[in-house]
Amino acid sequence: MSAVQRPPLEGVRVIDLTTFLSGPSATQLLGDLGADVIKVEALTGDSSRAIAGPEIAGDSAYYLANNRNKRSIAVDLKSPRGLEVVRRLIAGADVVIENFRPGVTARLGLEPEIILAEHPSLVWASISGFGQEGPWRDRPAYDMVVQALSGVMSLNGHPGAPAARLGIPAGDVVAGLYAVIGILSALQARGETGQGRIVDVSMLRGQLAMLSYQALYTRVNDAAPGPQGAAHDSIATYRSFRGQDGREFVVTANTPRMWEDFCGVLGLEALVMDDRFVDAAARLRNKRELWDVLEARIAERPAAEWVDLLGEASVPVAPVKNVLEALTDARAADDGSLLTVRNDAVSFENVATPIRFVRTAEVEAAYPPVLGGDTIAILRGELGYTDDDVAVLVADGVVGAEAEPVGVR
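Just so it is clear, the structure is predicted and the values come from calculations on it, not from any experiment.

**Points about the packing of helix α6 (residues 143–150) against helix α8 (residues 170–193)**
So, point 1. α8 packs onto α6 with a crossing angle of 90 degrees between their chain directions and a minimal axis gap of 7 Å. Regarding the angle of α6 to α8, the classification is roughly perpendicular. Facing D143, V146 and Q147 of α6, the residues of α8 in contact are A170, G171 and D172.
So, point 2. Grouping the amino acids of the contact of α6 with α8 by side-chain chemistry returns two nonpolar, two polar and two charged.

As structure tokens, this is what we get:
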């Protein structure tokens with residue numbers, strides 16, 4: 001048995017200039033993988049700290065959900081001395097990630113091309129709504145904006161109903177994931193060449209990529225697909241059904257064997273030999289007639305009974321659960337899907353990073369940082385400022401520092 005290895009990104013330093021969700025979700029993942037993430041915040045803090053809604057010990061749950069495993073330094077980026085602090089941080093970093101609108105970093109004096117000329121091994125990642133170039137580069141973008149522009153919203157919801165935003169922030173999170181993929185690819189190449197590079201991730205491009213086969217279907221058919229509801233454009237027996245009790249469950253009977261077993265469980269064996277439903281193409285062609293028969297039969301028994309019977313027959317099936325039920329199941333499974341994040345005074349449960357490594361040390365989940373909670377330690381430790389220098393920077397409002405020790409609320 002080989003020895004336990006260190007977390008894969010241990011020793012990689014990330015300067016996090018991001019706010020809100022797309023960037024913080026990316027840097028949280030990097031922190032989960034072992035990177036040292038220094039979150040550079042304005043003196044007023046990441047805007048997500050002020051999101052209304054549930055709170056934990058006075059902190060926005062929205063902020064807490066995306067900022068574990070980071071340190072926070074609060075800096076006035078519009079101050080020349082504040083900019084110098086950030087430049088010194090960048091000089092000791094492997095990765096910088098930001099999600100300002102295109103052009104903002106240049107106005108701040110942090111032009112990526114110039115920074116890379118000074119630090120050729122640096123990986124710089126920019127997340128924006130529409131990319132660093134192009135006619136829409138200056139437009140503001142949020143999750144629902146890119147869901148709408150990409151066609152994703154038009155596919156969500158039920159036929160005949162208005163377009164619906166996905167209930168998860170896919171525009172933000174997917175952009176964050178693509179940013180991490182780009183960063184890791186750039187670090188891999190740097191290991192061979194010694195050269196860093198700029199990674200440009202667009203939220204809109206991320207949503208377009210998520211269209212997957214629907215994008216090609218649209219081109220082939222020269223027509224836009226409509227809302228998908230709980231069905232599939234190509235597989236008639238890939239959809240949800242409602243049991244006698246009103247609960248929903250999904251069936252994905254994709255193969256001939258699954259189709260036959262599905263019919264057998266329902267007591268509708270005659271459908272297998274019916275010319276209208278004899279193969280997948282016929283079932284898709286005659287799906288409305290097929291659905292009428294299936295729905296009538298399924299409505300005769302509670303959903304849970306069908307789920308059990310179909311499961312026993314190895315037909316892919318699952319109840320449609322709400323988020324509370326899904327998280328309760330994850331907790332009961334105790335398989336690492338959830339983790340507890342705590343400091344000295346409070347804790348909360350959150351969803352863990354789904355990436356696992358065999359025989360690798362786990363990164364202990366660090367509580368999301370207090371605004372400026374690590375400012376003094378970073379200035380003294382990583383950047384080498386003297387105590388007098390630090391005192392002046394704090395007194396002049398160039399940096400912000402949490403008065404209480406980190407971890408105390």
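**A closer look at the pattern of salt bridges**
So, point 1. Enumeration according to the criterion identifies 25 salt bridges in this entry.
So, point 2. Salt-bridge contacts for K70 lead to D16; the nearest nitrogen and oxygen are separated by 3.6 Å. Separated by 54 residues along the polypeptide, K70 in the loop between α2 (61–64) and β5 (71–75) and D16 in strand β1 (residues 13–16) bring together distant segments of the chain.
So, point 3. Taking the relative accessible area as the measure of exposure, K70 reaches 6% and is therefore buried.
So, point 4. Residue class for D16 comes out buried when judged on its relative accessible area of 0%.
So, point 5. The structure contains a network of salt bridges with shared partners spanning R13, D36, R71 and E382.

**Some thoughts on the pairing of strand β7 (residues 123–128)**
Along any regular strand, the residues point their side chains to alternate faces of the sheet.
So, point 1. Here β7 lies mainly inside the structure; six of its six residues are buried.
So, point 2. Burial along β7 is two-sided: V123, A125 and I127 and W124, S126 and S128, pointing in opposite directions, are all buried.
So, point 3. Both strand β6 (residues 95–98) and β7 contribute to a ladder of four bridges, which runs parallel. Its bridge partner lying in β7, V96 is registered against W124.

**Concerning the packing of aromatic side chains**
So, point 1. Inspection of every chain in the model, using the stated rule, returns seven aromatic pairs.
So, point 2. For the pair F20 and Y142, a centre-to-centre distance of 5.8 Å together with 70 degrees between the ring planes defines the contact as edge-to-face. With F20 in the loop between β1 and α1 (22–32) and Y142 in the loop between β7 and α6, this pair connects stretches of sequence that are 122 residues apart.
So, point 3. Taking the relative accessible area as the measure of exposure, Y142 reaches 51% and is therefore exposed.
So, point 4. Measuring from centroid to centroid gives 5.6 Å for F130 and W136, while their planes differ by 80 degrees, and the two rings are edge-to-face.
So, point 5. Note on F130: relative accessible area 9%, which makes it buried.
So, point 6. Taken together through their ring pairs, the aromatic side chains of F20, Y62 and Y142 make up a single cluster.
So, point 7. Geometry around Y385 places R88 over its ring, the cationic atom sitting 4.1 Å from the centre.
So, point 8. Above the plane of the ring of W306 lies R301, whose end atom (NZ or CZ) is 5.3 Å from the centre.

**Considerations on the sheet that holds strand β10 (residues 248–252)**
The strands that make up a sheet pair up through hydrogen bonds in the backbone, lying either parallel or antiparallel.
So, point 1. Reading across the sheet, the three strands line up as β9-β10-β11 and stay open at both edges, with antiparallel pairing between neighbours. Both outer strands of the open sheet, β9 (238–242) and β11 (317–319), are each paired with one neighbouring strand and no more. Geometrically, the sheet is characterised by an average inter-axis angle of 20 degrees between neighbouring strands, direction not taken into account.
So, point 2. Where β10 meets β11, three bridges bridge the pair, whose relative direction is antiparallel.

The rules behind the values
- Residues numbered from 1 in each chain as written.
- Predicted model: local features only at pLDDT ≥ 70, side-chain atom pairs only at ≥ 80, totals over all residues.
- Heavy atoms only, no water.
- Axes fitted to C-alpha atoms, helices over the stretch in contact; angles between N-to-C directions.
- Helix = DSSP H or I, 4+ residues; strand = E, 2+ residues; numbered from the N terminus.
- Parallel < 35°, antiparallel > 145°, perpendicular 65-115°, else oblique.
- Contact = heavy atoms within 4.5 Å.
- Nonpolar A, V, L, I, M, F, W, Y, C, P; charged D, E, K, R; others polar.
- Salt bridge = Lys/Arg side-chain N within 4 Å of Asp/Glu carboxyl O.
- Buried < 20%, exposed > 50% of the residue type's maximum accessible area, 1.4 Å probe, protein only.
- Pairing = 2+ DSSP bridges.
- Phe/Tyr/Trp six-rings, centres within 6.5 Å; stacked < 30°, edge-to-face > 60°.
- Lys NZ or Arg CZ within 6 Å of the ring centre and 35° of its normal.

Keep in mind these numbers describe shape, not what the thing actually does.
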